[in-house]
Amino acid sequence: MLKILGLWPPEDETYGCSFYTAYEVFNILFFQIGVIFFQTANLFLNLNNLGVVTKIIFALIMEMLAPLKSYSVIKNMGTLKQLMTTINSDLFQPKNSRQRSLIQPNLKAWKNTVGTFWFFSIGWLFSTMLYPVFDDTVEYSLPFLAWYPYNIKISPQYELTYLHQFAAVSVITFTNITIDSLIAALNMYIGAQFDILCDDLRHFYDSTENSSEDVSDKLKKCIHHHREILKFAENANQFYNWLIFEEFFAGGVSIGLSMFQLTVVAPFTSEFHSHIAYTNGISVQVFMYCWFGNEIEIKSSKLTYAIFESDWTSLPLETKKELIIFLIRVQKPLKMSAFGLFYLSLETFVKVY
């Protein structure tokens, strides 16, 4: 889907002077920014109408996330491609059937969460975009309020404008879903790596099979794996720092506008319910970030228990000293955050929403 949206150049390439880059520029300017521009123009033309202003702002908040996310992906494409290379490295692969079974729950949780998100997002998209077709109360109505420099009340201008809004909002919706799914996948993968590392630590020494040289090498490999996981997590966190911050900001604004509309502007109308749907949609996106971020914190905190569960009592004295140093290092769990302002955890989600 990222390839279709112009957000994933082929193979290991990044953006350059190519047809694919031109396609992505057209996608952002004509669809994403285009529909936002016409709605923004309508916003300024109706500043005295509080109901229209709040309705447009709700839609703009959701839509403006798409070009911002697209820009972040384009800007960090080199980092993303490097992350994909790291994912495919031998160090990050499960080493036996036991480890493959360990990471299956992570993959299944991601598939179920993202699948549910896709299902409801696509359902919202088609119900919103097809609503004017079945609404007989208003003639020549569009899914979203917008100003155009021509008369949309005649054919074929109306049909073409409707088609543009449908295509543009579809692109925006799919952009938001796919990038959110990618971020959730990166966090899921980090959590799965901690599961693999925990298993390696539990079984890195067997007194009946391993010599002191073998166990020292295995411990060094575990330490190296831990360092690479932290490096991978840092790069992933740098990629989506702004994305998480923008999502939380949009969610906060949406909640504030909902409360404002509830107390000042006609509450409990069909428009109010649609605005609540926007707010809930952003809340689900933030929940995905917080859920998988919370999983990383939990799984990284299990490293100390995995070390204790190993056959450490039979280790040589020198290896025990190295293990103690490593144990001190892993006592602090890994926490993903947005610029360090707030951590991705269920506690943060409950406090905000």
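Just so we're clear, the structure is a prediction, and the values are computed from it rather than from any experiment. (Residues numbered from 1 in each chain as written. Predicted model: local features only at pLDDT ≥ 70, side-chain atom pairs only at ≥ 80, totals over all residues. Heavy atoms only, no water.)

Let us look at the overall build of the protein chain. Scanning the protein chain from N- to C-terminus turns up ten helices and two strands. Scanning the protein chain from its N terminus toward the C terminus, one meets helices and strands in the order α-α-α-α-α-α-α-α-α-β-β-α. Counting only C-alpha atoms and orienting by the principal axes, one finds that the protein chain spans roughly 85 × 50 × 30 Å. Here the protein chain holds 353 residues, and 48% of them are scored as buried. Taking contacts inside the protein chain between residues at least 6 apart in sequence as the whole, the part at least 24 apart equals 77%. As presented, the protein chain carries roughly 18000 Å² of accessible surface, and 64% of it is formed by carbon and sulfur atoms. Charged side chains in the protein chain number 25 positive and 31 negative. The centres of these two groups are separated by 6 Å. (Helix = DSSP H or I, 4+ residues; strand = E, 2+ residues; numbered from the N terminus. Buried < 20%, exposed > 50% of the residue type's maximum accessible area, 1.4 Å probe, protein only. Contact = heavy atoms within 4.5 Å. Areas by Shrake-Rupley, 256 points an atom, 1.4 Å probe, with all protein chains shown as cover. Lys, Arg positive; Asp, Glu negative; His and termini not counted. Charge placed at Lys NZ, Arg CZ, Asp CG, Glu CD.)

Attention shifts here to the nonpolar core. The nonpolar side chains of a soluble globular protein tend to be buried with one another. The biggest cluster of nonpolar side chains holds 69 residues, and the ones touching the most others in it are Leu-80, Ile-190, Phe-239 and Tyr-240. Listed by contribution, the elements that provide at least two residues to this core are α1 (19-45), α2 (50-75), α3 (77-87), α5 (157-202), α6 (212-263), α7 (270-301), α8 (303-309) and α9 (317-329). Leu-80 has contacts with Trp-8, Val-73, Leu-182, Leu-186 and Phe-239, leaving out every residue within four places of it along the chain. (Core = buried A, V, L, I, M, F, W, Y, C linked by side-chain atoms within 4.5 Å.)

With glycine set apart, most residues show a phi of negative sign, and most peptide bonds adopt trans. For the bond running from Ser-155 to Pro-156, omega is 5°, close enough to zero to count as cis. With respect to the element layout, Pro-156 can be found in the loop between α4 (97-134) and α5.

Below, the discussion takes up α1. Between its first and last C-alpha, α1 extends 37 Å over 27 residues, near the 39 Å set by a 1.5 Å rise per residue. Within α1, the axis deviates most sharply at Ile-33, by approximately 40°. (Expected span 1.5 Å × (residues − 1). Bend = angle between axes of the 7 residues up to and from the residue.)

Time to look at the UniProt feature "transmembrane region" (unreviewed entry) in the protein chain. In the numbering adopted here, UniProt assigns the feature "transmembrane region" (unreviewed entry) to residues 20-38, 50-68, 115-134, 248-269 and 275-292. For residues 50-68, helix accounts for 100% and strand for 0%, while the C-alpha atoms at its two ends are 27 Å apart. (UniProt positions renumbered as here; feature names shortened; annotations may be inferred.)

The next subject is a nonpolar patch on the surface. Together, Met-1, Ile-4, Phe-19 and Tyr-23 make up an exposed nonpolar region whose accessible area comes to about 460 Å². Locating Phe-19 in the fold gives a position in helix α1. According to the relative accessible area criterion, Phe-19 is exposed, its value standing at 71%. (Patch = residues over 30% accessible without salt bridge, like charges linked within 9 Å, V, L, I, M, F, W, Y side chains within 5 Å. Salt bridge = Lys/Arg side-chain N within 4 Å of Asp/Glu carboxyl O.)

A few words now on the pattern of salt bridges. Following the criterion strictly, the structure yields seven salt bridges and no others. A salt bridge links Asp-180 to Lys-69, with the shortest nitrogen-to-oxygen separation between them at 2.8 Å. One end of the pair, Asp-180, is in helix α5; the other, Lys-69, is in helix α2, with 111 residues separating them in the sequence. Under the relative-accessibility criterion, Asp-180 is labelled buried at 0%. You can call Lys-69 buried: its relative accessible area is 0%. We note a salt bridge from Asp-200 to Lys-95, for which the minimum N-O separation is 3.2 Å. Here Asp-200 is found in helix α5, whereas its partner Lys-95 is found in the loop between α3 and α4, with 105 residues between them in sequence. According to the relative accessible area criterion, Lys-95 is partly exposed, its value standing at 46%. Each member of the salt-bridge network shares a partner with another, and the members are Lys-69, Asp-180 and Glu-247.

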